[in-house]
Amino acid sequence: MLNKTGVPTLEDIQTVSPSEERLKKGPVAIIECFQEIPCNPCTEACKQGAIRPMEDINNLPKLDLDKCNGCGVCLSRCPGLAIFIVDASYSDTEAIVRIPYEYYPVPQVGEKVVGLNRAGDELGTFEVSKVQSGGQKNKTYTIWLIVPQSLAMEVRGLRLRSTEIQPKETIVCRCEDITLGEIQALIKEGYSTIDEIKRAARAGMGPCQGRTCRMLIAQELAKFYSIPVGEVLMPTFRPTVKPVKLGTYAGGE
Ligand code: SF4
Ligand code: SF4
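Remember, it's a predicted structure, so these values are computed and weren't measured experimentally.

All right, on to the overall build of the chain then. If you tally the helices and strands in the chain, you get nine helices and nine strands. Taking 2.2 N^0.38 as the reference for a compact globule, 253 residues should give roughly 18 Å; the C-alpha atoms of the chain span a radius of gyration of 19 Å, in line with that estimate. Counting only C-alpha atoms and orienting by the principal axes, one finds that the chain spans roughly 55 × 55 × 35 Å. Per-residue burial for the chain yields a buried fraction of 41% across its 253 residues. For the chain, the share of sequence-separated contacts (at least 6 apart) that also reach a separation of at least 24 residues comes to 57%. As presented, the chain carries roughly 14500 Å² of accessible surface, and 51% of it is formed by carbon and sulfur atoms.

Looking now at the sheet that holds strand 3 (residues 94-101). Ordered in space as 1-2-3-6-5-4-7, the seven strands form an open sheet in which the pairing is antiparallel. Looking at which strands have only one partner, the edges of the open sheet turn out to be strand 1 (28-31) and strand 7 (157-159). For this sheet the average axis-to-axis angle between neighbouring strands, irrespective of direction, equals 40 degrees. Pairing analysis gives five bridges linking strand 5 (residues 122-132) to strand 6 (residues 141-148), with the strands arranged antiparallel. Within strand 6, the residue paired with Lys 130 across the bridge is Trp 144.

Of all the positions in helix 7 (residues 194-201), only Ile 194, Asp 195, Ile 197 and Ala 201 are classed as buried. Axial view of helix 7: buried residues confined to an arc of 165 degrees, hence all on one face. Buried positions along helix 7 lie against strand 9 (178-179), helix 6 (180-189) and helix 8 (214-225). Immediately beyond the C-terminal end of helix 7, within one or two residues, lies Arg 202, with a positive phi of roughly 70 degrees.

What follows deals with the side chain of Thr 193. As for its placement among the helices and strands, Thr 193 is situated in the loop between helix 6 and helix 7. With residues near it in sequence (within four places) discarded, Thr 193 still touches Leu 221 and Leu 233.

Split by domain assignment, the chain resolves into domain 1 (2-159) and domain 2 (167-231). Contact with domain 1, which involves 13 residues of that partner, is made by seven residues of domain 2. Buried surface at the junction of domain 1 and domain 2, both sides included, amounts to about 700 Å², of which 50% is carbon and sulfur. Counting every contact that joins domain 1 to domain 2 gives one salt bridge. When the shortest N-O distance is used, the salt bridge between Arg 174 and Glu 102 registers 2.5 Å. The tally of links between domain 1 and domain 2 comes to one residue pair in polar contact (both at pLDDT 80 or more). For the side of domain 1 that touches domain 2, a count of residues per class yields six nonpolar, four polar and three charged.

Three or more residues of helix 6 are buried, namely Leu 180, Gly 181, Ile 183, Leu 186 and Ile 187. Considering only its buried residues, helix 6 is in contact with strand 8 (171-173), strand 9, helix 7 and helix 8. Downstream of helix 6 by a residue or two, Gly 190 has a phi angle that is positive, lying close to 125 degrees.

Turning our attention to the site of ligand 2. Surveying the vicinity of ligand 2 reveals the residues Ile 31, Cys 33, Cys 39, Pro 41, Cys 42, Met 54, Pro 61, Cys 78, Pro 79 and Ile 83. In the shell around ligand 2, the residues fall into ten nonpolar, no polar and no charged.

Here the focus is the packing of helix 6 against helix 8. Packing of helix 6 against helix 8 brings their axes to within 10 Å, and their N-to-C directions diverge by 45 degrees. Relative to helix 8, the element helix 6 lies oblique. Viewed along their axes, helix 6 and helix 8 form a crossing whose handedness is right-handed. Residues Leu 180, Ile 183, Gln 184, Ile 187 and Lys 188 of helix 6 lie in contact with helix 8, whose contacting residues are Ile 217, Glu 220, Leu 221, Phe 224 and Tyr 225. For the contact of helix 6 with helix 8, the residue count by class is seven nonpolar, one polar and two charged.

Okay, the packing of aromatic side chains next. Tallied over the full model, the rule gives two aromatic pairs. Seen from their ring centres, Tyr 101 and Tyr 103 are 5.5 Å apart, and the 70 degrees between their planes marks the pair as edge-to-face. We note Arg 98 situated over the ring of Trp 144; from NZ or CZ to the ring centre the distance is 4.1 Å. Taking NZ or CZ as reference, Arg 156 lies 5.1 Å from the ring centre of Phe 84, over its face.

The rules behind each value
Residues numbered from 1 in each chain as written. Chains lettered and ligands numbered in written order. Predicted model: local features only at pLDDT ≥ 70, side-chain atom pairs only at ≥ 80, totals over all residues. Heavy atoms only, no water. Helix = DSSP H or I, 4+ residues; strand = E, 2+ residues; numbered from the N terminus. Rg over C-alpha atoms; globule rule 2.2 N^0.38 Å. Buried < 20%, exposed > 50% of the residue type's maximum accessible area, 1.4 Å probe, protein only. Contact = heavy atoms within 4.5 Å. Areas by Shrake-Rupley, 256 points an atom, 1.4 Å probe, with all protein chains shown as cover. Pairing = 2+ DSSP bridges. Axes fitted to C-alpha atoms, helices over the stretch in contact; angles between N-to-C directions. Arc of directions from axis to C-beta. Domains from an automatic or database assignment. Buried area = accessible area lost by both parts, 1.4 Å probe. Salt bridge = Lys/Arg side-chain N within 4 Å of Asp/Glu carboxyl O. Polar contact = N/O pair within 3.5 Å; in protein donor to acceptor, adjacent residues only side chain to side chain. Nonpolar A, V, L, I, M, F, W, Y, C, P; charged D, E, K, R; others polar. Near = heavy atom within 4 Å. Parallel < 35°, antiparallel > 145°, perpendicular 65-115°, else oblique. Left-handed = near helix turned anticlockwise from the far one by under 90°. Phe/Tyr/Trp six-rings, centres within 6.5 Å; stacked < 30°, edge-to-face > 60°. Lys NZ or Arg CZ within 6 Å of the ring centre and 35° of its normal.

Here's what the structure looks like:
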């Protein structure tokens, strides 16, 4: 399901949801990383030892909820923007959700922004209470949103109310640094499938093999041709579907 829609299922979410009791204790990381990809910066980032070291770099991260203090260091190090911090102890009626953000312009403290769920649907307008830069090397900002308690496990994205997306500054394929503007230009030129765009621009040929950009490109094609996104021709998936060590082949496994 996630591969087709880009949206995790309820069952996926349940596997990483803390108990009500843990949520009420204070800030905690919610690691919504559900695809086995060669990635582990979160394990290195956590100095509390809350994210267990992976035996295999393709493993999913495992969080020790009791060790996590919700510091948010892992959030800004995750290249997949898959980590959120939820603080349900903020007040009786409201919670803070910290969201990774990599677009310009960056929202300002006090600004009202549109909160989105995992599918990109609007959930309401919420106030930004803090904006944290990732520092000189890390360009990921963390946006602190005040949301109703009932939406603390729902709000996972945001959109500014007043600005249009800037295609030249919006990265679609993070592995190969391909912008939305470049994808849109290729579509206008006549490239009409994800495979064609992949061959022309290398979008989807980096380490994540299109897991991030595939559906974004499909959405652009759907918009351009005025068709449902489900009708966009998907690329062919061939084994191996994840990196395999040479030793595994050499060992004949
Ligand atoms: S929020 Fe802080 S303590 Fe919790 S997993 Fe991330 S880095 Fe570790
Ligand atoms: S995508 Fe993020 S959460 Fe998943 S393994 Fe990589 S750093 Fe960790």
